[in-house]
Amino acid sequence: MNVVFAVKQYVSKMIEDSGPGMKVLLMDKETTGIVSMVYTQSEILQKEVYLFERIDSQNREIMKHLKAICFLRPTKENVDYLIQELRRPKYSIYFIYFSNVISKSDVKSLAEADEQEVVAEVQEFYGDYIAVNPHLFSLNILGCCQGRNWDPAQLSRTTQGLTALLLSLKKCPMIRYQLSSEAAKRLAECVKQVITKEYELFEFRRTEVPPLLLILDRCDDAITPLLNQWTYQAMVHELLGINNNRIDLSRVPGISKDLREVVLSAENDEFYANNMYLNFAEIGSNIKNLMEDFQKKKPKEQQKLESIADMKAFVENYPQFKKMSGTVSKHVTVVGELSRLVSERNLLEVSEVEQELACQNDHSSALQNVKRLLQNPKVTEFDAARLVMLYALHYERHSSNSLPGLIVDLRNKGVSEKYRKLVSAVVEYGGKRVRGSDLFSPKDAVAITKQFLKGLKGVENVYTQHQPFLHETLDHLIKGKLKENLYPYLGPSTLRDRPQDIIVFVIGGATYEEALTVYNLNRTTPGVRIVLGGTTVHNTKSFLEEVLASGLHSRSKDSSQVPSRSASRR
């Protein structure tokens, strides 16, 4: 179950099916992103695709010597663009691929528009999602719910994305969902409807143990997306932001022109592939090794190119050298910027207190540490608000809850009203009242003993103590202990054997920390394959936008007004 491979295969097949000759790839805004995640431009160029165009761009030239490969989402808008295109074709022949199920009536409209008979074929290739890592996919949807319920347009897009994923991996799963979430149940039903309606598409070879789709809601764990991260991929997203593998470095002081935007893709960057899950300290020493390696291979300035053979060797090695040079300067720049931000924003200290808020249960120590950091001028308003949010979520119903005082501290620090209001919005979004699970206190004896032993042993790394709640959920699922009264099956049948192929989908967005959990579980659990997806992949900034978009904040009280005691204990 490799989502990058699945999408890549679709793109390769489209190009191969169109046969030899020069081609143009016609895409829409979304499919452009989908393709760019699995193929570089230079890779596609080698397959005789010399032009990349958007179906919605008005001023495309007529080029009858090119074949057109159209890869489009089956939206009304795209069908209309295609109809216009076929009435006045700009290319010699058209191979049309939709990224999802297309209605018969739309196909009929296209056939009627194709008076010049330029369409060679129309097919459905289910690459309708963003393949981020081999085991991680996203739909790039920010703000999928209004209140606790789906925004109808986003529900429809998510259903399409999720069913396309299942089709591309050739899985017809049993479905379980988080009972405490109305949105999870709704999505489960919509996916089931599509599987029932398009039953012919879902007729795959039966496996002994059927695959399982588990639908979860971000509200159940609002802690994970609020934490600073210390593994490479997660940290880059948290501090710099990754958008379809691209990182905007234009704000980096003194950045050179060619490094203003860089691409980090494990598919064609060996250093990134080997380091994306390692922690920051290891990255530092690996960068050093990369640099030293590069210095050795660097052509000597005074190297004499005396013979033809010398010149030939130099030219042959140059592309390798150039590529390595690009990799080195890119990663040195990225790691350098991460380093600068960590010290400028005092993130080691901030992160230590975040981890304490997420993993320990000592209220007075936590409160003291949060108050201390709020006094520190190096701590930004963003990090200050984030600490108070973590405190508010963890100690929401604690008898000595001091949230009103912390809100006053935020105001005194000069933290904007937007962030102060977000504190209560986050509690409204993912507080105790909403959660179907107990995020903080381990209930069974085994978990309590584990925590006790962990306390005795000391923690190997104070910055990475936290494990997402997803880890526990998947651990229980794999062992057959995930409670059916909390995660019921949709429909009458249940799974008797331990699941082997698991697809987890998080409404409201997954995180790179959860992707790391899945990566480790895949590595250490033989016979189990897990793929994680979400409406998006969050960092703290985008998660807070998700909370704002849900509109829950407008119903919560303005937390800049200090509430009375009874009001603060919702």
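Just above sits the structure.
A quick note: this is a predicted structure, and the numbers were derived from the prediction, not measured.

A.B. asks: Break down the overall build of the chain for me, with residues and values.
C.D. replies: Along the backbone of the chain there are 22 helices and 18 strands. When each of the 570 residues of the chain is scored for burial, the buried share is 52%. In the chain, of all internal contacts separated by at least 6 residues, the share reaching a separation of at least 24 is 82%. Total accessible area computed for the chain in this model is approximately 27,100 Å², and 50% of it derives from carbon and sulfur atoms.

A.B. asks: An account of the sheet that holds strand 12 (residues 242-243) is requested, with residue identities and associated values reported.
C.D. replies: The antiparallel open sheet is built from three strands, whose spatial order is 12-13-14. Looking at which strands have only one partner, the edges of the open sheet turn out to be strand 12 and strand 14 (261-263). Sheet analysis places strand 13 (residues 246-248) next to strand 14, joined by three bridges and oriented antiparallel. Bridge pairing in strand 14 places Asp 248 opposite Glu 261.

A.B. asks: Let's hear about the side chain of Asp 221: which residues, and what values?
C.D. replies: Relative to the assigned elements, Asp 221 resides in the loop between strand 11 (212-217) and helix 8 (232-239). Residue Asp 221 is classed as buried on the basis of its relative accessible area of 5%. Here Ile 223 takes part through its backbone nitrogen, which lies 3.0 Å from a polar atom of the side chain of Asp 221.

A.B. asks: How would you sum up the pattern of salt bridges? Please name residues and give values.
C.D. replies: Under the criterion given, the structure shown has 29 salt bridges. A salt bridge links Arg 218 to Asp 221, with the nearest nitrogen and oxygen atoms 3.7 Å apart. The residue Arg 340 makes a salt bridge to Glu 337 at a minimum N-O spacing of 2.9 Å. Pair noted here: Arg 340 and Glu 337 are both in helix 11 (residues 308-344), with a separation of three residues, about one helical turn. On the basis of relative accessible area, Arg 340 is assigned to the partly exposed category, the value being 29%.

Parameters and conventions
Residues numbered from 1 in each chain as written. Predicted model: local features only at pLDDT ≥ 70, side-chain atom pairs only at ≥ 80, totals over all residues. Heavy atoms only, no water. Helix = DSSP H or I, 4+ residues; strand = E, 2+ residues; numbered from the N terminus. Buried < 20%, exposed > 50% of the residue type's maximum accessible area, 1.4 Å probe, protein only. Contact = heavy atoms within 4.5 Å. Areas by Shrake-Rupley, 256 points an atom, 1.4 Å probe, with all protein chains shown as cover. Pairing = 2+ DSSP bridges. Polar contact = N/O pair within 3.5 Å; in protein donor to acceptor, adjacent residues only side chain to side chain. Salt bridge = Lys/Arg side-chain N within 4 Å of Asp/Glu carboxyl O.

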